[in-house]
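Chain by chain, the residues run as shown.
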Amino acid sequence: MKKKILILEGDGIGPEVTRETMKVLRTVAASFGHEFQFSEALIGAAAIEAKGNPLPPETVTAAKQSDAILLGAVGLPKFDQDPSATVRPEQGLLKLRKEFDLFANIRPIKLFSPLLAASSLKWEVLEGADIVFFRELVGGIYFGEPRGRNATQDEAWDTMRYTKDAVRRIARMAFDAARRRRNMLCSVDKANVLECSRLWRETVNEVARNYPDVTLTHLYVDNAAMQLIKNPRQFDVVLTENMFGDILTDEAAQIAGSLGMLASASLGPRIGLFEPIHGSAPDIAGKDIANPIASILSGAMMLEFAFGLKAESDAIWRAVEHVLKECYRTQDIKDATTLEDKIVGTQDMGNLIASQLLRLSA
């Protein structure tokens, strides 16, 4: 198979973790007889500094000519420190999602058994947790209009908007996934307060009539946040709108041990964007200590969802688990029992996973 992959390294640790993912994808190509052609373009703060635009037109053109997109991370502190800035790195990512209608964000929360001690939660609470979030990605308060500030800059407003069609299409994907798993789906909203959430719940219930074999439950977002930590094993597929999903999946990183372990896929009608859910972490950029596993697993999701290469994707997940079973750790997932010589940097973790992948494919 021959595929074109666009690399958007972005900011902070983005270039470091995407390089390790490319290393693993090249290993997959060599081991399974594929050809992956990589090209690069700018996004985020790097694009603002070079082009004055967080998503330059040439980046959009390059994406249209590709079969999938691998993103590192966007954002730098200097933009966060100026809330009134009209051009921000995150705008590039939001515009990319809107440009390609990347409405379905899939975030698996998979706990690797060797990392039970990496979380602050008790192992008996965590063991066996396996959740996948389906987050609607191009609607809600992040995209709703009107939005703005008044002339004196002492008042601001954002608008949450959803249509039934937008809810239906993400709900169908989540119900289909539930059928492939344990036939359980939990929809998260705030229907006791928000009109948008009442529309959301009403529409999800309508879609559920076509899936009588799937058990549907509803939780308010505040209760869902508590239940995720109290008993994560009660969840299988979780369906949520944009902002709630953003918050809950970051919380769920504690289940997996670190944000550095969580991959994601953002899917649309034509192309998919694959990225770790962590931020750009500029404080550790260039120090070779960032965890590349979330990016590498995002590459695995690319193989499965964009290219239909399930066996190759599974091989990467197995390679990661083997390396973790051998007790290798980056700084963010080490614990009190981790030996000093098992603590590795970004490049070494990528090398270990690539080497293990070679052994498994052989």
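Here is a short report on the structure shown in this document. The structure displayed is predicted, hence computed values, not measured ones.

Below, the discussion takes up the environment of Val 204. Here Val 204 shows up in helix α8 (residues 195-208). The spacing of Val 204 and Leu 216 is 12 residues in sequence and 9.0 Å in space, taken between C-alpha atoms. Discounting residues that sit within four places of it in the chain, Val 204 has contacts with Val 167, Ala 171, Phe 175, Ser 187, Leu 216, His 218 and Leu 239.

Take the environment of Met 160 next. Along the chain, Met 160 turns up in the loop between β7 (156-157) and α7 (164-180). Taking relative accessible area as the criterion, Met 160 reaches 18% and is therefore assigned buried. As a C-alpha pair, Met 160 and Phe 143 span 17 residues in sequence and 7.7 Å in three-dimensional space. Dropping the residues within four chain positions of it, Met 160 is found in contact with Gly 140, Ile 141, Leu 194, Cys 196, Glu 241 and Met 243.

Let's shift gears to the packing of aromatic side chains. Under the definition given, this model contains four aromatic pairs. A ring pair is formed by Tyr 162 and Trp 200, whose centres lie 5.5 Å apart and whose planes are at 75°; its orientation type is edge-to-face. Of this pair, Tyr 162 sits in the loop between β7 and α7 while Trp 200 sits in helix α8, and the two are 38 residues apart along the sequence. Neither Tyr 162 nor Trp 200 differs from the other in exposure class; each is buried.

It is worth spelling out the packing of helix α1 (residues 14-32) against helix α12 (residues 310-325) at this point. Relative orientation of the contacting elements α1 and α12 amounts to 125°, with a least axis distance of 11 Å. Classed by the angle they form, the pair α1 and α12 counts as oblique. When you trace α1 past α12, the crossing you get is right-handed. In this structure, α1 uses Val 24, Val 28 and Phe 32 to contact α12, whose residues at the interface are Glu 312, Ala 315 and Ile 316. Within the contact of α1 with α12, the residues separate by chemical class into five nonpolar, no polar and one charged.

Once that is clear, we can look at helix α9 (residues 221-230). Those residues of α9 that fall on the buried side of the exposure criterion are Val 221, Ala 224, Gln 227 and Leu 228. Take α9 and look down its axis: the buried residues cluster within an arc of 115°, on one side only. Buried positions along α9 lie against β5 (130-136), β8 (184-189), β9 (215-220) and α10 (242-256).

Reading guide: rules and limits
- Residues numbered from 1 in each chain as written.
- Predicted model: local features only at pLDDT ≥ 70, side-chain atom pairs only at ≥ 80, totals over all residues.
- Heavy atoms only, no water.
- Helix = DSSP H or I, 4+ residues; strand = E, 2+ residues; numbered from the N terminus.
- Contact = heavy atoms within 4.5 Å.
- Buried < 20%, exposed > 50% of the residue type's maximum accessible area, 1.4 Å probe, protein only.
- Phe/Tyr/Trp six-rings, centres within 6.5 Å; stacked < 30°, edge-to-face > 60°.
- Axes fitted to C-alpha atoms, helices over the stretch in contact; angles between N-to-C directions.
- Parallel < 35°, antiparallel > 145°, perpendicular 65-115°, else oblique.
- Left-handed = near helix turned anticlockwise from the far one by under 90°.
- Nonpolar A, V, L, I, M, F, W, Y, C, P; charged D, E, K, R; others polar.
- Arc of directions from axis to C-beta.

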